[in-house]
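Geometric and topological summary
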Amino acid sequence: MESPLVSIIIPTYNRAHLIGETLNSILEQTYTNWECIVVNDHSTDQTESIVNSFTKKDNRFVYYKLPEGFLKGGNGARNYGFKLSKGEYINWIDDDDVLLKDFLLTKVKAFKTNINFIIGSHYITDTDLNILKTESLIEETYLFKDYLLWKLKFITNSVLFKRDFLNDKKLFNEKLTRGQETEFFTRIFFKIPKTSYIIIDKPLFLYRQHIKSKSSLNSNYIKSYKESTSYTSIEILKKSVELNDLELSKSYYYSLIDDFFRSLEHNHITNSKYILKNLIAIFQFKNKNLAAEFRLFGNLFIIFSRGIYKIEKRWKSKHIKI
């Protein structure tokens, strides 16, 4: 069989204690025609030393520091890595996860004509790589919806892309601090034909869950996170309304109403204004009465920096027309 080059791109920040396991799992791949581009996002630990130990023993590993012109964070590192890559296929990988030996081979073998990306499953593990759960990937409706309703649970590691498919697309939004993958996949999956991708319901890597990860901090109110997730939710709601998908639209509508009132509670007025402005724009033609309520009560709530539970409950009513 042909052996096209696969570019594995790893953004990393202060994972000297874990990235060695990740890189070793790449060395052990049964598919051998790969390059691994590690982009250091301003680490202050021994990451550079660890990665350089791999570049010295195998020239398929290459190491870069994130340069000026790319915003700090995983998004900038992912985008920079793509710019440097040479592979026909692209797979972004997190710096703490471990690939099973057939991770690449299984995906590459699945590619056919007109297929743009392959999605594989994974095991969820603790920090010591003890398997806690197998994540099954069964498509129920369509990719955009199942992913956003979290019926298809996969992450950036899961997807091997054809480079030609990505070349004309905006990649990761470097301004976001939360939900970067969701925002990226939202644009990639919107109206994507079923014939252009393949889902492999087979675990291909170990996905670590950290107690102090961003996911576990989600219950805390962090303004930059909330601004990022509100932006993404607005974009998803717009697309859901365009698709006339009531279930998906209501899910993100309810989420945004909740974000609006929680922003008020935390005096995060910038975010409240952003959500309100966009909800009015979305509903001014779909539900003029609701848009008028948003305009009247929403602006009053913002002026007084507080909401009213009765109005919040009404806006979350199942009878609201979307």
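Below or above, wherever it landed, is the structure these notes cover. (Residues numbered from 1 in each chain as written. Predicted model: local features only at pLDDT ≥ 70, side-chain atom pairs only at ≥ 80, totals over all residues. Heavy atoms only, no water.)

**Considerations on the nonpolar core**
- Counting 54 residues, the largest nonpolar core has F117, F161 and Y253 as its most contacted members.
- Per-element tally for this core: the top contributor is helix α9 (residues 246–265), with 8 residues.
- Residue contacts for F117: discarding those within four places in its chain leaves F111, L143, V159, L160, F161, F165, I188, F189, I192, S196, Y197 and I198.
- Ranked by size, the runner-up nonpolar core spans 31 residues in total, among them W34, C36, V38 and L104. (Core = buried A, V, L, I, M, F, W, Y, C linked by side-chain atoms within 4.5 Å. Buried < 20%, exposed > 50% of the residue type's maximum accessible area, 1.4 Å probe, protein only. Helix = DSSP H or I, 4+ residues; strand = E, 2+ residues; numbered from the N terminus. Contact = heavy atoms within 4.5 Å.)

**A closer look at helix α2 (residues 47–57)**
- Here α2 has its buried residues at T47, V51 and F54. Buried residues of α2, seen end-on, are gathered within an arc of 55° and therefore sit on one face of the element. In α2, those exposed residues whose orientation departs by more than 90 degrees from the buried face are K56 and K57.
- Those residues of α2 that are buried are in contact with β1 (6–12), α1 (19–27), β2 (34–40) and β3 (61–65). (Arc of directions from axis to C-beta.)

**Describing the packing of α9 against helix α11 (residues 288–304)**
- Put simply, α9 and α11 touch, their axes get as near as 11 Å, and they point 20° apart. Judged on the interaxial angle alone, α11 and α9 are roughly parallel. When the axes of α9 and α11 are compared, the crossing they make is left-handed. Residues Y253, I257, F260, F261 and L264 of α9 touch α11, and the partners they reach there are L290, F294, G298, F301 and I302.
- Residue composition of the contact of α9 with α11, by class: 9 nonpolar, 1 polar and no charged. (Axes fitted to C-alpha atoms, helices over the stretch in contact; angles between N-to-C directions. Parallel < 35°, antiparallel > 145°, perpendicular 65-115°, else oblique. Left-handed = near helix turned anticlockwise from the far one by under 90°. Nonpolar A, V, L, I, M, F, W, Y, C, P; charged D, E, K, R; others polar.)

**Digging into the pairing of strand β6 (residues 117–125)**
- Of all 9 residues making up β6, 8 are buried, and the element is well covered by its neighbours.
- Sheet analysis places β6 next to strand β8 (residues 159–162), joined by 3 bridges and oriented antiparallel. Of the residues in β8, the one forming a bridge with F117 is F161.
- Sheet topology note: the β6/strand β9 (residues 197–208) ladder contains 8 bridges and is parallel. In the strand pairing of β9, Y123 is matched with L206.
- Hairpin remark: β6 followed by strand β7 (residues 131–135), antiparallel, with 5 residues in the connecting loop; positive phi at L129, about 70°. (Pairing = 2+ DSSP bridges.)

**A look at the side chain of S7**
- Position of S7 relative to the elements: it lies in strand β1.
- A distance of 2.5 Å separates polar atoms of two side chains, one belonging to S7 and the other to E35.
- Setting aside its immediate chain neighbours within four residues, S7 contacts E35, S85, K86, G87, Y89, I90 and N91. (Polar contact = N/O pair within 3.5 Å; in protein donor to acceptor, adjacent residues only side chain to side chain.)

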